[in-house]
Amino acid sequence: MKLTTEEKDMLEGKQGKAAQKAMEILETLGSIFGAERMIPVTSVQISGVSYANLGEAGLKFLTEMADGDGRARVLTTLNPAGMDVDNWQAMGISEEFAYNQKRVLDAFARMNVITTCSCTPYLFGVSPHYGEHIAWAESSAVCYANSVLGARTNREGGPSALAAALTGVTPAYGYHLAENRQPAVTVEVKGRMVENNDFGLLGRVIGEKLTVQGQKLTPYITGIEQASVEQLKSFCASIATYGGTAIFHMAGITPEAAQVSPPKQAITITQDDIDEANRLMNDAVSEEVDFVSLGCPHLSIKEIARIAELLKGKKVTKEFWITTARPTKQIADMMGYSQIIEESGAKFATDTCCVVSPIKGRFKALATDSAKACYYAYAKNKFKTMIKPFDEVVAEALK
Ligand code: F3S
């Protein structure tokens, strides 16, 4: 790879041990993927933050990077951690886990990483513009950034995202290059797309059809007349989970769709396909549901306002987690939404979510509006699942 003088200095250890290690990681990655150079990034989002995923080995790596003068050179935030940093006792988290999770966050903070633990940085000010190069790791956020915002990122792993933060660059390959962002299949949607969960179901149906002969095809989607930020974040989370998709184009909705041509190869998605996905993700009945969660991906302030409206003056009968980013929760506090929600007995699980939190064995069946949450509720925790429209999920917590 052709490196600049500053990049060479980092590689030779002239800018500290952590920057050297980080540049080694990036140079190796770039060589594997045939990158010719590095490109500067304007923001980084790091995944693998939960102590449950990192363990002592991961924490040791972070500590060494912090001790080796590792400091973020660009705006860097974190993916959800394994617990609400302030309210972990209410979530049933053990003291030992909380202690270790805080050690992880302390190591990141020492590296000047902003410890907002969220998969929706684009909802609280980390919102790259069209064509901007970034290095994000969380799959739903990567898909949102590439597709909805038109920014450019590969799906980074934890170490490569941290390396990008500590150097300010990433190798120029994959979705950073225009030729790798072209669609390969047209997907015609003929179904009713109204609620967040409809978009989650659609993400599953499309995602499962995108791998052809081992190749992941980038879809050019037609037939969607409108989609809110909330619906698009739900769709991104789902298509990334079920299809490993990091970019899609949606005619009339996403910015790059107007600059690419719909491929001749086409598939059609019908309402029957969506109904079948709905059936597969609804194996729990109300009597079995003992856990309700909204906020996968993390909730917007508009969604929290709606929950407060629906819960005002009522009491929930089931464990109900509201998962969101701390800056969004702070707006909810300011507006009085948090008080209404907490008076109902529902709990904020800020900084975390029902997937990364260690809750295996605690519940039997989850109700949610998120197709991604359903996938992991079963795959990771063996919960039964119920997927419903947003308002009906809140109603489920009141039954
Ligand atoms: Fe975000 Fe957790 Fe869902 S990281 S996308 S809320 S699985």
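Treat the numbers as computed from the prediction; the structure is a model and nothing was measured. (Residues numbered from 1 in each chain as written. Predicted model: local features only at pLDDT ≥ 70, side-chain atom pairs only at ≥ 80, totals over all residues. Heavy atoms only, no water.)

A.B. asks: Would you take a moment to explain the packing of aromatic side chains for this structure?
C.D. replies: Each aromatic ring pair is described using two quantities: the centre-to-centre distance and the angle formed by the ring planes. Following the criterion strictly, the structure yields 9 aromatic pairs and no others. Between Phe291 and Phe363, the aromatic rings sit 4.1 Å apart at their centres with planes inclined by 10°, giving stacked as the arrangement. In this pair, Phe291 sits in strand 13 (residues 291-294) while Phe363 sits in the loop between strand 15 (347-350) and strand 16 (365-368), placing the two residues 72 residues apart along the sequence. Neither residue differs from the other here; Phe291 and Phe363 are each classed as buried. Here a set of aromatic residues connected by ring pairs shows up, and it is made of Phe291, Trp321, Phe363 and Phe383. The ring of Phe348 has Lys329 sitting right over it, with the charged end atom 5.0 Å from the ring centre. (Phe/Tyr/Trp six-rings, centres within 6.5 Å; stacked < 30°, edge-to-face > 60°. Helix = DSSP H or I, 4+ residues; strand = E, 2+ residues; numbered from the N terminus. Buried < 20%, exposed > 50% of the residue type's maximum accessible area, 1.4 Å probe, protein only. Lys NZ or Arg CZ within 6 Å of the ring centre and 35° of its normal.)

A.B. asks: How should the layout of surface pockets be read in this particular structure?
C.D. replies: The gaps of empty space that remain are located by a probe, the size of a water molecule, rolled over the atoms. Taken as a whole, the largest pocket holds about 450 Å³ of empty space. Around the largest pocket, the lining comprises 27 residues; the ones closest to its centre are Asn79, Glu138, Val355, Val356 and Lys372. Those elements that provide at least two residues to the lining of the largest pocket are helix 5 (139-149), helix 8 (229-243) and helix 13 (371-379). Considering each element in turn, the lining of the largest pocket owes the most residues, 3 residues, to helix 8. Its residues assigned to classes, the lining of the largest pocket comprises 12 nonpolar, 10 polar and 5 charged. (1 Å grid on protein atoms, 1.4 Å probe; cavity = no way out; pocket = protein on both sides within 12 Å on 5 of 7 lines; lining within 4 Å. Points joined across faces, edges and corners; volume = space filled by probe spheres on them. Nonpolar A, V, L, I, M, F, W, Y, C, P; charged D, E, K, R; others polar.)

A.B. asks: Explain the packing of helix 7 (residues 196-207) against helix 9 (residues 271-280) here, please?
C.D. replies: How two helices sit against one another is set out by the angle between their axes and by the gap between those axes. Contact geometry of helix 7 with helix 9 gives a least axis separation of 9 Å together with a crossing angle of 105°. One element, helix 7, and the other, helix 9, form an angle in the roughly perpendicular class. The residues of helix 9 that touch helix 7, namely those facing Leu201, Leu202, Arg204 and Val205, are Asp273, Ile274, Ala277, Asn278 and Leu280. (Axes fitted to C-alpha atoms, helices over the stretch in contact; angles between N-to-C directions. Parallel < 35°, antiparallel > 145°, perpendicular 65-115°, else oblique. Contact = heavy atoms within 4.5 Å.)

A.B. asks: So what exactly am I meant to see when it comes to helix 10 (residues 301-311) here?
C.D. replies: Each full turn of the α-helix corresponds to 3.6 residues, which orients residues three or four apart in the same direction. Glu303, Ile304, Ile307, Ala308, Leu310 and Leu311 are the residues of helix 10 that are buried. Seen end-on, helix 10 carries its buried residues on one side only, within an arc spanning 165°. Across from the buried face of helix 10, at angles greater than 90 degrees, the exposed residues are Lys302 and Glu309. (Arc of directions from axis to C-beta.)

A.B. asks: Can you help me understand the pairing of strand 2 (residues 43-46) in this one?
C.D. replies: Along a regular strand, successive side chains alternate from one face of the sheet to the other. Along strand 2, one buried face is formed by Ser43 and Gln45 and the opposite face, lined by Val44 and Ile46, is buried too. Across 4 bridges, the pairing between strand 2 and strand 3 (residues 75-78) is parallel. Bridged to Ser43 within strand 3 is Leu75. Relative to strand 5 (residues 135-136), strand 2 is paired through 2 bridges, and the arrangement is parallel. Paired with Val44 across the strands is Ala135, a residue of strand 5. (Pairing = 2+ DSSP bridges.)

A.B. asks: Sorry, what's going on with the site of the ligand here?
C.D. replies: Around the ligand, the surrounding shell consists of Pro80, Cys119, Glu138, Ser140, Gly295, Cys296, Pro297, Cys353, Val355 and Lys372. Judged by the fraction of its atoms near the pocket grid, the ligand is located in the largest pocket. Of the residues in the shell around the ligand, the class split is 6 nonpolar, 2 polar and 2 charged. In terms of domain composition, the shell around the ligand takes at least three residues from each of domain 1 (5-178) and domain 3 (286-397). (Near = heavy atom within 4 Å. Sits in = over half its atoms within 2 Å of the grid points. Domains from an automatic or database assignment.)

A.B. asks: Explanation requested: the sheet that holds strand 2 in the structure shown.
C.D. replies: Within a sheet, neighbouring strands are paired by backbone hydrogen bonds and run either parallel or antiparallel to one another. On the basis of which strands lie adjacent, the open sheet formed by 4 strands has the order 4-3-2-5 and parallel pairing. Strand pairing shows two members of the sheet lacking a second neighbour, strand 4 (114-117) and strand 5, which therefore form its edges. Here helix 6 (residues 158-167) sits on the sheet in contact with strand 2, strand 3 and strand 5, set at roughly 150° to strand 2.

A.B. asks: Whenever I open this one, the sheet that holds strand 14 (residues 319-324) confuses me. Can you help?
C.D. replies: One open sheet holds the 5 strands; their spatial order is 15-14-13-16-17, and the pairing between them is parallel. One side of each edge strand has no neighbouring strand; the edge strands of this open sheet are strand 15 and strand 17 (384-387). Averaged over neighbouring strand pairs, the angle between their axes works out to 25° when direction is ignored. Inspection of the sheet shows strand 13 paired to strand 16 by 2 bridges, in the parallel sense. Residue pairing for strand 16: Val292 is matched across the bridge by Ala367.

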